[in-house]
Every structure is written in C-alpha cells, then in structure tokens.
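# Structural characterization, general
Residues per chain, in single letters:
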Amino acid sequence: MAVGKEIRGKIKSIENTRKITKAMEMVAASKMRRAQERMRAARPYSDKVRNITANLARANPEYRSAYMRPVDEVRSVGFIVVTTDKGLCGGLNTNLLRAVSLRMRDAQAAGQSLQVTTLGGKGQSFMTRAGARIISQAVQLGDAPQLEMLIGPVKVMLDAFVAGKLDAVYLCYTRFINTMKQESVIEPLLPLSADRLEQTEAERQSHSWDYMYEPNAPTVIEELLTRYIEALVLQAVAENMASEQSARMVAMKAASDNAGNLIEELKLIYNKTRQAAITKELSEIVGGAAAV
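Source: prediction; values computed, not measured.

## A few points about the overall build of the protein chain
What the protein chain contains, in helices and strands, is six helices and five strands. Seen in sequence order, the protein chain has helices and strands lined up from the N terminus as α-β-α-β-α-β-α-β-β-α-α. Counting over 292 residues, the protein chain shows a buried share of 41%. Looking at the protein chain as shown, the accessible area adds up to about 16000 Å², and 55% of this sits on carbon and sulfur atoms.

Shown next as structure tokens:
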C-alpha cells in the first residue's frame, strides 16, 4: 500500500506542523497580554507631557514652537512607518503598507518629495524594494521596545522638519482595537495642531499651577514638545506590538484549525483507500477459490 504509506506520511507531517502552530498561538497569547499592558502604561506619560506643555504654552501665548509652524504649501512629506520585525501575523503588515503606498503615490502625483523612517524590519525591507528614500531606520525592536531605541531615527525626521526640509510628517502604524480587530492608521504628526494640546476643563484645573523653570519658557516648551512627539511614536509602536501579537495569535489559531481539518480529510481518504485495498484482496481470494 504505497498510497496509504504516503498518506500516513502527510498526516504525520501536518500533525507536527499543528504542534508548532499551537505552541506559537499560546506564546502569542501570553505576549499579547504583556503588550497590552505596556500599551496602556504608555498612555499616562504622553498625557502628562501634553498637559504640562499645554499649561506652559497657555502661559506664554507669544511663543510659537517650530513644531507648530504653519505650512502654506506642502512640497515635501515624511512618513514614519511602524511595522513588525517578524511575519506570521496575518495581513497586519500588508494592510498597513498597502495604505502607506497609496498615500505615497498620491503625494508623488501631487509633485511632493518623500522621505521615510522605518521602525521594524518588514517596513524597512518593503520600502527598500519600493525604492523609497529611507533617511533613518530601526529594526529588531524586540517584544518590549524602549524609547532609547526610537529617539535616534525619530530625531532625524524631527530635525528635517525643523530645518524646513519637510513640510509635513505622517505617523503610520496599526492601532489596536481589540483581539479580533486592528486598524491601519496614517495620522498627521507634524506640524502639531493646536487640537493636540487642547485640554478638558478637568485637565485645566488639575494642571493649573505655576512652574519654575530654567533657562526660559521657550526652551522648556521646545524640549517638552520633543518629548511629547517621541511619546506619540512610542505609543504607536506599543499599539503596533499589541496588534502584532493579537494578529499572530488569531493567525496561528486559524492555522491549527485548518491543520486539524486537513488531518481529518486525509484520515478519511486513508481509510477509504485501505478499505478499497482490503476489498480488492478479498475479491482476489474469493475469485481464486472459485476458480479452483
């Protein structure tokens, strides 16, 4: 039964694959919970920096940061693209990079020059193949990305905006909504809009105290805004990390389920083949006995 032996080999191979996908599903589920905790822990920091900056800016209305300079005509655009370093997470990276490609194509059609900062190996390899101008990058961010790993690549983009080499910067990442749903997001990062520094009445009351700062208000506001922008990028990376683990868990569960279905189908085929072989042998025996 050469056919039966081949089917048994396929069943064994798929069972081994299902063990791997099941293990990866459990690992992703564990990492997903930790990634969600880091994502939620990153939010209070950016909110605190935003409130302090808004309070100082309200006390010094005459100062306008370079990050908030108005732009009459957009001639050059920067993209900070946040992706994963690894695959096997469904269409997470594909959906984001497709949306970024469409936005970049529209910008090129409008005659705008493009510069890209990539955070994550998948985005870096995609932009390299697409021939985009990559001015900075960071790969191998790990399961718990630290701000120190992001400051360098992000600062290159911020310096280009302050120097006037860029008129707008967009932050592209996958927002975590829930375990089953993640959303590709392309949101404007620079210039900072006044809406980002808007405070609710409760926030105004809780952050209404006067500060003592050195050397002067403009320097402190500029540094705080830099920290705030870096916090927004860190939050995007944390959201993308939570989305990655959720998407990988769902993808591995689907792979395990499909492997189980395929095993059942192969077992059915194997049993039918084995039954047919047994029936054929019985027929040959009966036919030989009748001939005698």
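Structure shown, so let's carry the discussion forward.
## Let's talk about the sheet that holds strand 5 (residues 181-190)
Taken in spatial order, the five strands line up as 3-2-1-4-5 in an open sheet, and their pairing is mixed. The open sheet has two edge strands, strand 3 (134-138) and strand 5, and neither has a second partner. Ignoring which end each strand starts from, the neighbouring axes of this sheet average 20° apart. Examined bridge by bridge, strand 4 (residues 168-178) and strand 5 share nine bridges and lie antiparallel to one another. Bridging from a neighbouring strand, L171 pairs with E187 of strand 5.

## Considering the packing of helix 2 (residues 92-109) against helix 3 (residues 121-130)
With their axes 11 Å apart at the nearest point, helix 2 and helix 3 run at an angle of 40° to one another. Between helix 2 and helix 3, the angle is such that the two are oblique. Every pair of crossing elements has a handedness; the one defined by helix 2 and helix 3 is right-handed. For the pair helix 2 and helix 3, contact is made by N93, L97, V100, S101 and M104 and by K122, G123, F126 and M127, respectively. Looking at the contact of helix 2 with helix 3 residue by residue, the class counts come to five nonpolar, three polar and one charged.

Rules behind the numbers
Residues numbered from 1 in each chain as written. Predicted model: local features only at pLDDT ≥ 70, side-chain atom pairs only at ≥ 80, totals over all residues. Heavy atoms only, no water. Helix = DSSP H or I, 4+ residues; strand = E, 2+ residues; numbered from the N terminus. Buried < 20%, exposed > 50% of the residue type's maximum accessible area, 1.4 Å probe, protein only. Areas by Shrake-Rupley, 256 points an atom, 1.4 Å probe, with all protein chains shown as cover. Pairing = 2+ DSSP bridges. Axes fitted to C-alpha atoms, helices over the stretch in contact; angles between N-to-C directions. Parallel < 35°, antiparallel > 145°, perpendicular 65-115°, else oblique. Left-handed = near helix turned anticlockwise from the far one by under 90°. Contact = heavy atoms within 4.5 Å. Nonpolar A, V, L, I, M, F, W, Y, C, P; charged D, E, K, R; others polar.

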